[in-house]
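Each chain is listed here by its residues.
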Amino acid sequence: MQRPKRCWQNPAEALDFGDMAAIATELTGKPVNRIVITEDQMREKFAARGAPARAADMVLGLYAAARTGEFEDSGNLLENLIGRTPKTMKDLIAAHMNG
């Protein structure tokens, strides 16, 4: 099974978590690293925080869907739903940093 390169879709940009870390690094001037963990490690983290197993299952299901390409082709769906061109992740992070 081939993993899609990108999992965040927006006609203006398509990002994976590594790309988002690079944007955060650029904007903050501090290194932000993407750390990949196993599904078992994710389940352990959820359990350690008191989250029910079904919460971990739901999150891991989204990651599994992304790995199989379920979110690869959104076309202009988001733009059509919100009635405008979506903001870029860089713009969203910058706006959050500026309060």
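Cut-offs used in this document
Residues numbered from 1 in each chain as written. Predicted model: local features only at pLDDT ≥ 70, side-chain atom pairs only at ≥ 80, totals over all residues. Heavy atoms only, no water. Helix = DSSP H or I, 4+ residues; strand = E, 2+ residues; numbered from the N terminus. Buried < 20%, exposed > 50% of the residue type's maximum accessible area, 1.4 Å probe, protein only. Contact = heavy atoms within 4.5 Å. Areas by Shrake-Rupley, 256 points an atom, 1.4 Å probe, with all protein chains shown as cover. Axes fitted to C-alpha atoms, helices over the stretch in contact; angles between N-to-C directions. Parallel < 35°, antiparallel > 145°, perpendicular 65-115°, else oblique. Left-handed = near helix turned anticlockwise from the far one by under 90°. Patch = residues over 30% accessible without salt bridge, like charges linked within 9 Å, V, L, I, M, F, W, Y side chains within 5 Å. Salt bridge = Lys/Arg side-chain N within 4 Å of Asp/Glu carboxyl O. pLDDT = per-residue confidence, 0-100.

Engineer: Describe in detail the overall build of the protein chain, supporting the description with residues and values.
Structural biologist: What the protein chain contains, in helices and strands, is 5 helices and 2 strands. Expressed as a percentage of the 99 residues in the protein chain, the buried residues total 19%. Of all intrachain contacts in the protein chain linking residues separated by at least 6 positions in sequence, the fraction that spans at least 24 positions is 51%. Of the roughly 7,400 Å² that the protein chain leaves accessible, carbon and sulfur atoms contribute 55%.

Engineer: Tell me what's going on with the packing of helix H1 (residues 17–28) against helix H5 (residues 89–97), and back it up with residues and numbers.
Structural biologist: Between H1 and H5, whose axes approach to 10 Å, the crossing angle comes to 45°. For the element pair H1 / H5, the angle class is oblique. Considering how the two elements wind past one another, H1 and H5 form a crossing that is right-handed. Along the contact surface, H1 presents Met 20, Ile 23, Glu 26, Leu 27 and Thr 28, while H5 presents Met 89, Lys 90, Ile 93, Ala 94 and Met 97.

Engineer: Explain a nonpolar patch on the surface to me, using residue names and the numbers behind them.
Structural biologist: Taken together, Leu 77, Leu 78, Leu 81 and Ile 82 make up a surface patch of nonpolar side chains, about 380 Å² in accessible area. Under the relative-accessibility criterion, Leu 78 is labelled partly exposed at 34%.

Engineer: Describe the pattern of salt bridges, with residues and values.
Structural biologist: A side chain of one charge can pair with a side chain of the opposite charge when the charged atoms of the two come close. Evaluated as defined, the whole model comprises 3 salt bridges. One salt bridge connects Glu 26 with Lys 90, and the closest N-O pair in it is separated by 2.6 Å. Highlighted residues: Glu 26 in helix H1 and Lys 90 in helix H5, separated in sequence by 64 residues. A residue is classified by how much of its surface remains accessible, and Lys 90, at 34% relative accessible area, is partly exposed.

Engineer: A description of the packing of helix H2 (residues 39–48) against helix H3 (residues 53–67) should follow, citing residues and the corresponding values.
Structural biologist: It is the contact of H2 with H3, at a shortest axis distance of 9 Å, that shows an interaxial angle of 150°. Put simply, H2 runs roughly antiparallel to H3. Regarding H2 and H3, the two cross each other, and that crossing is right-handed. Contacts from Glu 39, Met 42, Arg 43 and Phe 46 of H2 reach H3 at Ala 55, Ala 56, Asp 57, Val 59, Leu 60, Tyr 63 and Arg 67.

Engineer: Explain the confidence of the model for the protein chain residue by residue, including any values.
Structural biologist: On average, residues of the protein chain score 83 in pLDDT, and 85% of them reach the 70 mark or higher. Per-element mean pLDDT across the protein chain ranges from 49 in strand S1 (residues 8–10) up to 95 in H2. Here residues 1–9 is a poorly scored stretch, pLDDT under 50, and it has 29 contacts once near neighbours within four places are set aside; other chains count.

Engineer: Describe the environment of Met 89, listing the residues and the values that go with them.
Structural biologist: Tracing the chain through its elements places Met 89 in helix H5. Relative accessible area serves as the criterion here: at 18%, Met 89 is assigned to the buried category. Sequence-wise, Met 89 and Ala 14 are 75 residues apart; in three dimensions their C-alpha atoms are separated by 9.5 Å.

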